[in-house]
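# A structural walkthrough
Read off the chains here:
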Amino acid sequence: MMNRPVYLDLFRLRLPLPGWVSILHRLSGALLFVALPLAVWLLAASLSGPSGFAAVAGLLRHPAAKLVGLLFAWSFAQHFFAGLRHLMMDAHHGVTLAAARRSSAVVLGASALATLVFAAWVFA
Amino acid sequence: MRLPVGARAGTGSWLVQRASAIVLAILIPLLAGRVLAAMPAEFAAWQALWAPPWVRVAVLLCGVAWAMHAWIGMRDILMDYVPAIALRLVLYLAVGVTLAASVAWLDVVVWRLP
């Protein structure tokens, strides 16, 4: 009889593609939790007056801010596409193993592409 | 009395998570697209972008849906990774206060718009 709970060595597990989408959904979701107060702060400061607007515009031009923005853009894209996949599967579409693997690849590819487009636009 | 445990205990959260997800999946691209399309370089134009009543309603709706969605998600994450009950309750409180304060602040921002 096996002793439970079993603690697996996470570094020796080879996570299948749907597993990556699953854990990245958590990671991006946690980042988007942090993004809410940040977004409200930026909106509040930018709408506080002309000087606040200029300060936010200046801050967002900083390369470090652009990198943080890129992280949040990836988080949103990843969470958005993986969320659509969730909704699709809730409606019993694409729930076979092969289809789930394919849609995982599509989600990872779409969020990577969206992040690249955002990066090209921000750093251009 | 509502049963605190059982096979159906999570159905409410599941449904709220889907409903808020649909609201967010529509409103965030809509609001972000509006900002990106206009990209005003001056304060007056920036302020005018957020002024229409439907935009204010959409912003607040988005904030509330974001907070509800984040609450359920963060609660699930903390449930899985923080077994120490005292620490987990403190973290629940921190997450809840952060989300509630964010929505209240957003409310103030939208309310103050001319």
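Owing to the predicted nature of the structure, the values given are computational and were not obtained by experimental measurement. (Residues numbered from 1 in each chain as written. Chains lettered and ligands numbered in written order. Predicted model: local features only at pLDDT ≥ 70, side-chain atom pairs only at ≥ 80, totals over all residues.)

### A closer look at the overall build of chain A
On a plain count of helices and strands, chain A comes out with 4 helices and 0 strands. What you see in chain A, going N to C, is helices and strands ordered as α-α-α-α. The C-alpha atoms of chain A give a radius of gyration of 19 Å, which is well past the 14 Å a tight globule of 124 residues would have. Taking the principal axes of the C-alpha coordinates as reference, chain A spans close to 65 × 35 × 25 Å. Scored against the burial criterion, the 124 residues of chain A give a buried share of 23%. For chain A, the proportion of contacts with a sequence separation of at least 24, taken over those separated by at least 6, is 77%. (Helix = DSSP H or I, 4+ residues; strand = E, 2+ residues; numbered from the N terminus. Rg over C-alpha atoms; globule rule 2.2 N^0.38 Å. Buried ≥ 20, exposed ≤ 12 C-beta atoms within 10 Å, placed from the backbone. Contact = placed C-beta atoms within 7 Å.)

### Here's the deal with the overall build of chain B
Secondary structure summary: chain B contains 4 helices and 0 strands in total. Shown N-terminal to C-terminal, the secondary structure of chain B runs as helices and strands in the order α-α-α-α. In terms of overall size, chain B is more extended than a compact globule, its C-alpha atoms giving a radius of gyration of 18 Å where 114 residues would be expected to give roughly 13 Å. Taken along its principal axes, the extent of the C-alpha atoms in chain B is 55 × 25 × 25 Å.

### Some words on the interface of chain A and chain B
At the junction of the two partners, chain A supplies 19 residues and chain B supplies 20 residues. For the side of chain A that touches chain B, the elements supplying multiple residues, two or more each, are helix H1 (17–46), helix H2 (50–61) and helix H3 (63–90) of chain A. Here the side of chain A that touches chain B gets 11 residues from one element, more than from any other, and that element is H1(A). Classifying every residue of the side of chain A that touches chain B gives 14 nonpolar, 3 polar and 2 charged. (Nonpolar A, V, L, I, M, F, W, Y, C, P; charged D, E, K, R; others polar.)

### Re the nonpolar core
Membership of the largest hydrophobic core comes to 31 residues, with the highest contact counts inside it found for Leu36(A), Ala77(A), Cys62(B), Trp66(B), Ala67(B), Ala70(B) and Trp71(B). Of all the elements in the fold, those that place two or more residues in this core are H1 and H3 of chain A together with helix H1 (11–38), helix H3 (53–81) and helix H4 (85–112) of chain B. Ranked by the residues each element gives to this core, the list is headed by H3(B), at 10 residues. Beyond its immediate chain neighbours, meaning those up to four positions away, Ala70(B) contacts Leu32(A), Phe33(A), Leu36(A) and Leu99(B). (Core = buried A, V, L, I, M, F, W, Y, C linked by C-beta atoms within 7 Å.)

### A closer look at the confidence of the model for chain B
In this model, chain B carries a mean pLDDT of 94, and residues with pLDDT of at least 70 account for 94%. As a predicted assembly, this complex carries a pTM of 0.91 together with an ipTM value of 0.91. (pLDDT = per-residue confidence, 0-100.)

### With respect to unusual backbone geometry
One non-glycine residue, His92(A), adopts positive backbone phi at about 65°. By the secondary structure assignment, His92(A) is in the loop between H3 and helix H4 (97–123). What makes His92(A) exposed here is the crowd of 7 C-beta atoms within 10 Å. In this model, Met39(B) sits at a positive phi of 40°, which is unusual for a non-glycine residue. Assignment of secondary structure puts Met39(B) in the loop between H1 and helix H2 (43–50).

### Re the packing of H3(A) against H4(A)
Working note: a packed helix pair is described by the angle between its axes plus the distance between those axes. All names here are of chain A. Where H3 meets H4, the axes come as close as 9 Å, and the angle between the chain directions of the two elements is 150°. By the angle between their directions, the pair H3 and H4 is classed as roughly antiparallel. Along this stretch, H3 crosses H4, giving a crossing that reads as right-handed. Residues Lys66, Gly69, Leu70, Ala73, Trp74, Ala77, Gln78, Phe81, Ala82 and Arg85 of H3 form the contact with H4, whose own contacting residues are Ser103, Val107, Ala110, Ser111, Ala114, Thr115, Phe118, Ala119, Val122 and Phe123. (Axes fitted to C-alpha atoms, helices over the stretch in contact; angles between N-to-C directions. Parallel < 35°, antiparallel > 145°, perpendicular 65-115°, else oblique. Left-handed = near helix turned anticlockwise from the far one by under 90°.)

### So, the environment of Thr115(A)
Residues and elements named next belong to chain A. One can find Thr115 in helix H4. The exposure class of Thr115 is partly exposed, given the 18 C-beta atoms found within 10 Å. Thr115 sits 38 residues away from Ala77 along the chain, and the two C-alpha atoms are 7.2 Å apart. Dropping the residues within four chain positions of it, Thr115 is found in contact with Leu70, Ala73, Trp74 and Ala77.

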